[in-house]
Amino acid sequence: MVILTQYGNFATFKDLRIFMISEGIDSVTVETDYWGIKLPKQTLTLSEVDFVINAD
C-alpha cells in the first residue's frame, strides 16, 4: 500500500505520522489503493492517523 498525500508518498501510516509531527502538520489529504481497491480521497488529522496506527 502506498499512501499518497499533497506532501509526498508514504509506505506506512507510521511514516506519515513521523513526517506530520516533524513538519508541524495538523492534517493531510490522503488517497490510497488497498489491495487494488481505490479508497476515496479524505482528510486525516494527526489524531486520526494515530487512531489508524493503534488499530493495527
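Scroll up to find the structure this text is about.
Only a predicted model underlies this, so the values are computations on that prediction, with no experimental measurement involved.

A few words on the packing of aromatic side chains. The geometry of an aromatic ring pair is captured by the separation of the ring centres together with the interplanar angle, meaning the angle of the planes. Across all of its chains, the model carries two aromatic pairs by this definition. On the numbers, 5.8 Å between centres and 50 degrees between planes, the contact of Y7 with F19 is tilted. One end of the pair, Y7, is in the loop between β1 (3-5) and β2 (8-10); the other, F19, is in helix α1 (residues 13-23), with twelve residues separating them in the sequence. You can call Y7 partly exposed: its relative accessible area is 43%. Their ring planes at 45 degrees and their centres at 5.3 Å tell us that F10 and F19 sit as a pair that is tilted. Clustering of aromatic rings is evident, with ring pairs tying together Y7, F10 and F19.

A separate point is a nonpolar patch on the surface. Taken together, the side chains of M1, Y34, W35, I37 and L39 present a nonpolar region at the surface, about 610 Å² in accessible area. Mapped onto the secondary structure, M1 falls in the segment before β1.

About the thresholds
Residues numbered from 1 in each chain as written. Predicted model: local features only at pLDDT ≥ 70, side-chain atom pairs only at ≥ 80, totals over all residues. Heavy atoms only, no water. Phe/Tyr/Trp six-rings, centres within 6.5 Å; stacked < 30°, edge-to-face > 60°. Helix = DSSP H or I, 4+ residues; strand = E, 2+ residues; numbered from the N terminus. Buried < 20%, exposed > 50% of the residue type's maximum accessible area, 1.4 Å probe, protein only. Patch = residues over 30% accessible without salt bridge, like charges linked within 9 Å, V, L, I, M, F, W, Y side chains within 5 Å. Areas by Shrake-Rupley, 256 points an atom, 1.4 Å probe, with all protein chains shown as cover. Salt bridge = Lys/Arg side-chain N within 4 Å of Asp/Glu carboxyl O.

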